[in-house]
Every structure is written in C-alpha cells, then in structure tokens.
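Given next are the chains, with one letter for each unit.
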Amino acid sequence: MIELFERADPASHVEVDRSSLRAKVDDKVGVAAPLIAGSSRRRPLWLIVAVSFVLVTALFVPVYFRQERQNFFQQPIGGIRGPGIEQVVELTIGGVKSMAVDGDTIWVLESLGPTLNRIDAGTGVNLRSYQLDRYVEGVVAGGGYVWLVSYDNGGEVLRFDPDRGAVDLVVGLDGLPGSAPIWFAGSLWMSNDQSQLVRIRSDGELVSTEPGSLKGEGLGYLWVNDPATDRIESVAEDGSRGEIVIQTDGTVTPVGSGIRQVIEAGGYLWLMDDDFPNGTAVTRFDPATGELEPLTLGPGLHGMIGFNGALWVILHYDHMLVRVDPESGEVTRYPLPGKPGQMVVADSSLWDVLFHPQALIRLDPDDGLLEAGEVVVETGADSGHRLLCTAPGAGRLSDIPTILLEPFDWIDYGSWSVIQAQLNDQGLTVCANGFVGVDATPAERASSLQRALVNSGIRGPFVLVSNGDGVHATRLFAQNRDDIEGVVLVDPMPVGFGSAFADLLPDEFGSGHPPWLDLPQDIADALQGFYDVPLVVIGQTPEAVFFSPMFRESVGDDKAKKVSDLWQDGLDFYARLSTNSRTVSAEGGGMEVIYWEHPEIIVEQVLELVR
Amino acid sequence: MSKASPDQDKFRRRFDALFSSHHQDVYRYCLRRLGSSEAEDAAAEVFAVAWRRLNQIPPEERAWLLGVAYRVVGNYYRSRRRRIRLSTRLQSAPAQVPAQVTDEPRLVLGALATLRASDQELLRLSLWDDLTRSEIAQVLGINENAVDQRLHRARSRLKASFEALTEESVQVQTKGASA
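So, here's what we can say about the structure. (Residues numbered from 1 in each chain as written. Chains lettered and ligands numbered in written order. Predicted model: local features only at pLDDT ≥ 70, side-chain atom pairs only at ≥ 80, totals over all residues. Heavy atoms only, no water.)

Looking at the sheet that holds strand S8 (residues 156–161) of chain A
Residue and element names in this part refer to chain A.
- Ordered in space as S6-S7-S8-S9, the four strands form an open sheet in which the pairing is antiparallel. With one partner strand each, in any of the chains shown, strand S6 (138–142) and strand S9 (166–172) form the two edges of the open sheet. Pairs of neighbouring strands in the sheet enclose a mean axial angle of 25 degrees, with direction left out of account.
- Relative to S9, S8 is paired through six bridges, and the arrangement is antiparallel. Considered in S9, the bridge of Leu-158 is made with Val-170. (Pairing = 2+ DSSP bridges. Helix = DSSP H or I, 4+ residues; strand = E, 2+ residues; numbered from the N terminus. Axes fitted to C-alpha atoms, helices over the stretch in contact; angles between N-to-C directions.)

Below, the structure is given as structure tokens:
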C-alpha cells in the first residue's frame, strides 16, 4: 500500500529546469540584497522556533455574550456541516466560555454552568463532563494538568488533574483574574486585576509577582503591557524582561486603546486592538526590522490565532473568519453560519466556537468554505450596514433573478453562508443583507438594502428570502416593486408576536422581542401583499416546538397552546399574502433554525422559483 | 556601475548555495501539489521569500523552505479557487474518482483525494517529499508526537479508502463483464 503510494508520486522523476527557475527567482528578488538582511536587529533565533499555534483565549467574555438570550429548546444544526465545515460538535448545555487544547483533547468550559468538558479532537466526541464546585472563567493546559481560573475567594487558580478527574490544588492569585492564562516555560502565567504578572509553577508554588498585564505569547516570549510606560515588552523564559520593547501608545492602535491580544503567526507578532467591539485593527510587528504596520479589518475583533502559517481573526459581529497573509497582508473573508467566538487549533485543524447556534465547528477553509470575496457593500451613511454579495464561479447563469437574503435580526447576514454557497453553486448570484453591531428597524433594513443595491449596480429581478423577523423588512422592500419574481418566507414571525409572547410568558423568557424589530400594526395593515408573485412559506409545525416536552414543562399546556396558535395564525396570514402561494412544513425544524437544520429545504424552494 | 559590498557578495553567495542545494526539492514539492503549469512560479516565490529572510533561516534549511512552500501553495489554492471555485469543488469531491479506473497508482491517488487536506499533506510530506518526522513537525508547526499519531491515522484512512475504491472498481468490472 505504502509502496504503491510512493510509486504514484507524480514528481519523483521530474527534473526542474534550473536556469528557468533561477531566472524567475532573480526576476522576483532583483539584484541587490535587501537591507533587512544585513540589519543588526535581526534575531534569527526567533524564526528557528517553529510556528506555534498560540492559544490565547478571549477569556473574559464581555457581558454582552452572557446577556444574549438562552435557547429554550435544543437546536438541531446538522445542516451546517458541508464544504469547509468538516465537523459540528453540538453543545447541549449552553455555549462555550473558554477552551484549551492539550494534545488531541479540547477542554471546553461551558458558559452557563461550572462544567468542564473533555472533547476528543479526532472524533469530536465529548468524552466526559466534569462538574466543578465553583464558576471558572478561563482554562489552559500545561504540565500534565488543566488549569482553571476563578473569581472565587478574591481570585484563584485551580489545578485539575485529568487522570483523577478532580481539582487537586488551589492557588490564591492576590487579585481577581485579569487576563487569559498562558502556559509558558513550565509555568502558568497570568495577570490579575492589579496589573500584576503572576507566575505559578506546576507544583503550585507562586514563583513571582511583578507589574505587568499579560497580553499573549509569541516568538519565544511572553508579551506584557507595562502599566507604567504603556509599552508592550517581552518576557523571556528565565523571566527577564524588556529584551524587545514595542511602543504602543498612539502609534500602534488606531483607536488608541492599547493592546488586547498578542500572538505569533507567519514569523511575525500580531497585536490586536483593545476595546471590544470598537477596535478595528491588528498590527503586524516585524521582529527583523522592528516595523509596525496596522491592518484595518473592521469592528468586532474578537480574537486571533496562528494556523497554517497565516493569521486568522474572528469578526464577531460580521460572522466572519478572516485570513490574513502574513507577508502580503492580503485579506480573505469567510462568513460563518453563526456568531463566532474563540478559536483553537487541534488535530491539525482550526476549530471555532459558534454562540448561535451553540456549537464547536471544525473548519477547513481550503475545502470550499464560502468566500466573501470583494463584494461586501457598505452603504456609506448607514452605520453598520452590510450587503454581502457572492457570485457563482464557472456555470453562472444569465437572465435569472438575484437572490436577496434577509436574516433574523440577531443572527444576521453571515448565518446564510451555507445556503449562500449552495445557491452560488447552482449558478445564482446571492446577496445577504444585514446590520452589525447596531439595531435597525425593518424600515431601515429595507431602505439600506435598496441603497446598497443601487450603489453596487445590482438590478432585479429578485427572489426574496427571509427568516424570522426578517419578514418585516422583506415585505417593506417589496412594496411597489415590479421586479420581484418570487418570495420565500422561512419561519416568518407574526406581526406583534414578540410583545404577545412576552405578555403571555413574562417571567419565563425575559422581555421577549425588542419592539423596534417588529412592524407597527398600522404600518403592517397598510402594506400590500405579494399579489400573484409565487410565494413559499416554510415553517416548522408549531406543535413541534411549543408542544415539545421541554417547552410544555416550562410554561404549561395552556400557554403552550396559545403560543402555538399565535404562530400558526401567522403562518396562515403570510400564506394568504399571495394568490400563488404554497406552504412547506419543515418537519423536525424549529423556530429560527431551519437554515441550520435543513438548509436543503430552502435551497430547493428557491431553485424551484428561479426555474 | 556600483560595486557590490562585501556583505552583499557574501549574501549572494549564501543564497546561491541555498538555491543549488534545495531548488529541486522545492520545485518537486510545488509540482506535486500544483501541477506543472504553476509549480515553477510557486517555487520562485518560495525562493523570493528566502531571499528576504536569508539571515533568519535556521540550520534546517530544507524544512524551512518547504514550510514556506506549504504556505505559498496554500495561496495558490486560494487564488485558484477564487477563479474557478465551482470546478475546484467538483475536483475535490470523492465522486470524481472514476470507478472504471483500475490501475493501482491511480486508485491510490483517488483514495488520497478522499482524505482530509491535512491528512493528504502529511502523507505527501512523509512519502513523497521524504521528510523526517522532525522536518514534518517544523513544516506544519506541530510537535513530533503529533506527527506520529496523525501519520498513523492518515495511513489507516488511506488504506481504508484505497480498499473501498478497489472493491468498487472490481464490482464495476464484474458488472461490465457480465453485461
């Protein structure tokens, strides 16, 4: 077998044309040696260090994440697995607070409870969950242990023994945790809220405490912010500081807010703006020249990691995974089908947390993950507006409608990415509309979409597809237009459903649907229908959700029936908006998640309309 | 005409030596992954990076160069995919392995195509590029133990895929003969 493989080598007997290759090399490099080569500032030792996949966590997840609504039923999400998304690990109990990798194990801290999960990166199987006796905020692996960081008792570090499945040591931190922990040079390092850098050996001995706020690891050093000078400086394995100093005040961060995270990727050091979500840039530090070069990627920078020699960045609001070529700075954007969070590298793959839907996904961006390309239209005056248009490659069809996707407001436009890629593959141009980081009313969503289409020169005909409360913007956009060739409404939310839901279930599920996302009843009443435009209403069977054991146990049968009736009335209402409509039941689907569970249903219905 | 400084002469000589020692390996690495139409350009890019970073190249020159090649080839893949995304996807689909192909080397290549990209790369590095586990670890940025484990898995997966394709091929031939 192996011998066969070796025989199949297509290059084993090929000789290169040396002179031709050398001519190309000379053409690329010119004749003079680059100045950098003779620089006295070179530090070749740094590049001897193999590219390490730094696991700097986005530890102290902003309060924002904690306040996002909890799901009251389990979301099936098998539909998001596909090209570029190799594996989907569904997280059944809340989202992820922090992750760490130890060999082929991914240690996952849940966000809703003090539970540590041991996930096998090779299979994606959750091997075991450990209940902890206190809430912990961060996790890192090192020295044969898993280290957990807690706010309890004024700040503690817990040593968890994986073999025993229990915490066997607790170390005081002299202050509340102030950074993600990092395992480096045989010790645990982290900083506390007093901006003190603390070093703890694997036996629990607190080795040192000195000023400094830990920012990350890279190029064989730790990197700390010195609160006295506001500079980033190196910490070597022996604890010596300041061999390299990076001036940060005002010159590195366009927002002038300091540095949140430092990692190594592609032989460079990368510094991320602080101030989530307003920071917009990462800055490249070249160890050979000392040069700093900021690269603006957009708001919502959440975290970064080095993988396969490139820098990978998460844009939380945009649902984007961003690849940055370390040498050229070339940026490639990949929308993800959910709200992304922390990344880790395990089993030679890139893994990312999705907050919605709650999942851990294994990514192979080189295997067909949708690329945003260059066509992201930002409508000048409309802060936070995005229109992500992707065109098909070979096989593009002509004289067919462009598909416009309107998402559920708080999931937003990246969540269509799986469907968008599938429609591209069928020869269709597809645009996903959305706002990131700001609230927008249905009217604002519709008008921004119109402006962005005009600005980008994209004309009808269109097929409109909306999900959840996106139906309101879709109806507004369709008013008085004669270039709509079809409409697909996925789980359309009834007008007034949010407030009715909140009135009915005031205690169980918080304040319900924010009023600005709904359509005022008087405006809704004045809207035209779709006349005879083909209309497909795809909905879950309300009973599947509201009569589920979990929902009924929470609210009781009477309220469950009322909510179910309310939803069913909405489906019937929307189906009557066209004289040429049909309904499709997404069996097994649920409110808000059809495009995560059964994207093929939506794709099939859109294709039927365009054909 | 300006005369090159001694430093520049020294630099140039070192680069020449690096090119002479490794151009064949780098070119073949690119050829195995990109085909003949792009291999030479990609190899030239690898050496262009080496030129810029000559004084930072560690003693393990070949592994370092192939590490750069690994990333350069990745850029080519991305660029290629942008041009012909649909056809690239079709190429990567397991169904592209024609069942009637019966010669073993092609079946092996078909089996390779069914594996994850990371598994494919490990097998190529180990069996075609003839890298040691230490060099593979350096190219991929993982530790040597991980190389051992993943290589073992990749070989097992290749074997399983090869056997499945072989069986499928035999069934097709049998049906063809009986028709």
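Here we look at the pairing of strand S22 (residues 301–307) of chain A
All names here are of chain A.
- Burial analysis of S22 places seven of its seven residues in the buried class, the great majority of the element.
- Where S22 lies against strand S23 (residues 310–315), six bridges are found, and the strand directions are antiparallel. Counted as the bridge partner of Gly-306 is Leu-311 from S23.
- Between S22 and S23, which follow one another and run antiparallel, lie two residues, and Asn-308 among them has a positive phi close to 50 degrees. (Buried < 20%, exposed > 50% of the residue type's maximum accessible area, 1.4 Å probe, protein only.)

Quick look at the interface of chain B and chain A
- Taken together, the contact pairs 60 residues of chain B with 69 residues of chain A.
- Between chain B and chain A, a total of about 6300 Å² is buried, with carbon and sulfur atoms accounting for 54% of that surface.
- At the boundary of chain B with chain A, the tally comes to 10 salt bridges.
- Note that Asp104(A) is salt-bridged to Arg153(B), the shortest N-O span being 2.6 Å.
- Put simply, chain B and chain A have 18 residue pairs in polar contact (both at pLDDT 80 or more) between them.
- Broken down by secondary-structure element, the contributors of at least two residues to the side of chain B that touches chain A are helix H1 (6–34), helix H2 (36–52), helix H3 (61–83), helix H4 (85–92), helix H5 (104–113), helix H6 (117–128), helix H7 (133–140) and helix H8 (144–178) of chain B.
- In terms of residues, the side of chain B that touches chain A owes the most to one element, H1(B), which gives 13 residues.
- Counted by class, the side of chain B that touches chain A contains 26 nonpolar, 12 polar and 22 charged residues. (Contact = heavy atoms within 4.5 Å. Buried area = accessible area lost by both parts, 1.4 Å probe. Salt bridge = Lys/Arg side-chain N within 4 Å of Asp/Glu carboxyl O. Polar contact = N/O pair within 3.5 Å; in protein donor to acceptor, adjacent residues only side chain to side chain. Nonpolar A, V, L, I, M, F, W, Y, C, P; charged D, E, K, R; others polar.)

What about helix H5 (residues 417–425) of chain A?
Residues and elements named next belong to chain A.
- Most of H5 sits inside the fold, with seven of its nine residues counted as buried.
- Where H5 is concerned, the buried positions are Ser-417, Val-418, Ile-419, Gln-420, Ala-421, Leu-423 and Asn-424.
- Positive phi shows up at Gly-427, right after H5, with a value of about 90 degrees.

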